[in-house]
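Descriptive analysis of the structure
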Amino acid sequence: MIFVGIDWAEAHHDVCVLDPKGEVLGTRRIPEGLEGVTRLHALLGDHAADPAEVVVGIETERGLLVGALVAAGHTVHAVNPLAASRYRDRHTTSRAKSDRGDARVLADLVRTDRHHHREVAPDSELLAGIKVLARAHQNLTWTRGRQTNALRSALREYYPGALAAFDDLAHGDATAVLSVAPDPERGRRLSQARIVRALRTGGRQRNLERRAAEVRAALQAPQLMAPPLVAEAQAANTVALTAVITTLNEQIARLEAELTDVFGRHPDAEILRRLPGLGDILGARVLAESGDAPDRYLDARARRNYAGTAPITRASGTSQVVVARLARNTRLFDACYQWAFCALTASPGARAYYDDHDPGPNTSKIARRKLANKLVGILHGCLAHRTLYDEHLA
């Protein structure tokens, strides 16, 4: 067997090849792209006749380079950059670092300690598509949240009446009204009929007159005023932010429809949909980040560790504490944490479990993480046995 370490970068990758005794067989700097992969295969072919004899260590589990290595039949281990950094300290105390040296460290790591690191398990092509859509949807949702916070901060400076009228500034009601009345003066002049037309433009179909009356009352209520020139400048900023949020709403809705359609084609979709608290979007995020390779997780504990819901114990002498796991897939943990919240109203068992682990103040987050940990274990069991969720059994 030969052991390969690849220190990857945007424009090039450093490669180091070791034999079973740790002797360097070759080093190479390859460019990114097809030419680089061709050179890499040629280098590996000089030292190994069978692709199964090649073990690769690299600090990522995705990308075209990793995909090419897995497709070629090589064993690829995704090494956490923090673990690689600590492993480097085993070999040098001078804190010297180079890309070529990092490739050597990764090659030596998979030569001696590969059993401690997760092997990259290739997901299906359908799962890869779901992951792209799920992450794109989540990124746009986070971007909308940042833009909404910026709009809220701006309105607080000159237009408190708008904050009183709208709780959710990303809602169509808020963006439609603020686009036609971005300052207090124009807000006070809005008629009931004009507000109704704006609400209808924003997508509202019910309770138009009642909602328009509430908005008009809030906008016409007495409020503190900013200087005219400041209000005019802030109004221009509000128009720009509402336009951005409106566009984000449209694109998020488009991605939701596409994600729901693609997620529905996956064979595991029905199992996830039956779990309490999981719908199409959240279920797609959980599936996308968990992966669908059947041999990815040895057991439920491994799945919980990867999700970051399982705690860790730090013990030294007479001191022992249990804390939340920080080394985790942050996107998967975020999805599972939200899943636990949604399950509280969908499952009496989940509600009882949460209440049992929430004894007092400042423990709600801990109880929610524990519930997420329980749900991830149930998910593993349902997928492993290809059975649908049963509330009584759970």
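Residues numbered from 1 in each chain as written. Predicted model: local features only at pLDDT ≥ 70, side-chain atom pairs only at ≥ 80, totals over all residues. Heavy atoms only, no water.

Under the counting rule described, the total for this entry stands at 3 aromatic pairs. Look at Tyr158 and Tyr159: their rings are 5.6 Å apart centre to centre, the planes differ by 50°, and that puts the pair in the tilted class. Taken as a pair, Tyr158 and Tyr159 share a single burial class, namely buried. Ring geometry for Tyr297 against Tyr306: centres 6.0 Å apart, planes inclined by 50°, an arrangement best described as tilted. Of the two residues, Tyr297 and Tyr306, both sit in the buried class. Over the ring of Phe333 we find Arg328; its NZ or CZ atom is 3.7 Å from the centre of that ring. We note Arg368 situated over the ring of Tyr337; from NZ or CZ to the ring centre the distance is 3.9 Å. (Phe/Tyr/Trp six-rings, centres within 6.5 Å; stacked < 30°, edge-to-face > 60°. Buried < 20%, exposed > 50% of the residue type's maximum accessible area, 1.4 Å probe, protein only. Lys NZ or Arg CZ within 6 Å of the ring centre and 35° of its normal.)

Attention shifts here to the layout of surface pockets. Taken as a whole, the largest pocket encloses approximately 1300 Å³ of empty space. Mapped by element, the contributors of at least two residues to the lining of the largest pocket are strand 5 (75-78), helix 3 (81-88), helix 14 (300-307) and helix 15 (330-346). Take the lining of the largest pocket: its biggest share by element is 4 residues, from helix 14. The class makeup of the residues in the lining of the largest pocket is 13 nonpolar, 9 polar and 15 charged. (1 Å grid on protein atoms, 1.4 Å probe; cavity = no way out; pocket = protein on both sides within 12 Å on 5 of 7 lines; lining within 4 Å. Points joined across faces, edges and corners; volume = space filled by probe spheres on them. Helix = DSSP H or I, 4+ residues; strand = E, 2+ residues; numbered from the N terminus. Nonpolar A, V, L, I, M, F, W, Y, C, P; charged D, E, K, R; others polar.)

For the pair helix 3 and helix 4 (residues 99-113), interaxial distance at closest approach is 10 Å and the crossing angle is 95°. As summarised for this structure, helix 3 and helix 4 are arranged roughly perpendicular, according to the angle between their axes. Between helix 3 and helix 4, the contacting residues are Ala84, Tyr87 and Arg88 on the first element and Asp102, Val105, Leu106, Asp108, Leu109, Thr112 and Asp113 on the second. Residue composition of the contact of helix 3 with helix 4, by class: 5 nonpolar, 1 polar and 4 charged. (Axes fitted to C-alpha atoms, helices over the stretch in contact; angles between N-to-C directions. Parallel < 35°, antiparallel > 145°, perpendicular 65-115°, else oblique. Contact = heavy atoms within 4.5 Å.)

This next bit is on the environment of Ala307. Assignment of secondary structure puts Ala307 in helix 14. Given a relative accessible area of 1%, Ala307 falls into the buried group. Taking C-alpha positions, Ala307 is 44 Å from Glu214, a pair spaced 93 residues apart along the chain. In contact with Ala307, other than residues within four places in its own chain, are Arg328, Asn329, Leu332, Phe333, Cys336 and Val376.

This brings us to the side chain of Gln138. As for its placement among the helices and strands, Gln138 is situated in helix 5 (residues 125-158). On the basis of relative accessibility, which here comes to 4%, the residue Gln138 falls in the buried class.

Let us now look at the nonpolar core. Judged by nonpolar contacts, the single largest core of 40 residues is most densely connected at Ile130, Leu272, Leu275, Val286 and Trp339. Mapped by element, the contributors of at least two residues to this core are helix 5, helix 11 (228-264), helix 12 (269-274), helix 13 (280-290), helix 14, helix 15, helix 16 (348-356) and helix 17 (364-385). For this core, the leading source of residues is helix 17, giving 9 residues. If sequence neighbours within four positions are ignored, Ile130 has contacts with Leu259, Val262, Phe263, His266, Ala284, Leu287 and Ala288. Ranked by size, the runner-up nonpolar core spans 30 residues in total, among them Val177, Val215, Ala231 and Ala235. (Core = buried A, V, L, I, M, F, W, Y, C linked by side-chain atoms within 4.5 Å.)

Let us now look at the pattern of salt bridges. Tallying each qualifying case throughout the model produces 21 salt bridges. As a salt-bridge pair, Arg118 and Glu61 come within 2.7 Å of each other at their nearest N and O atoms. You can see Arg118 sitting in the loop between helix 4 and helix 5 and its partner Glu61 sitting in the loop between strand 4 (54-58) and helix 2 (64-71), a full 57 residues away along the chain. For Arg118, a relative accessible area of 26% puts it in the partly exposed group. By relative accessible area, which is 24% here, Glu61 ends up partly exposed. In this structure, Arg296 engages Asp123 in a salt bridge whose closest nitrogen and oxygen atoms are separated by 2.7 Å. (Salt bridge = Lys/Arg side-chain N within 4 Å of Asp/Glu carboxyl O.)

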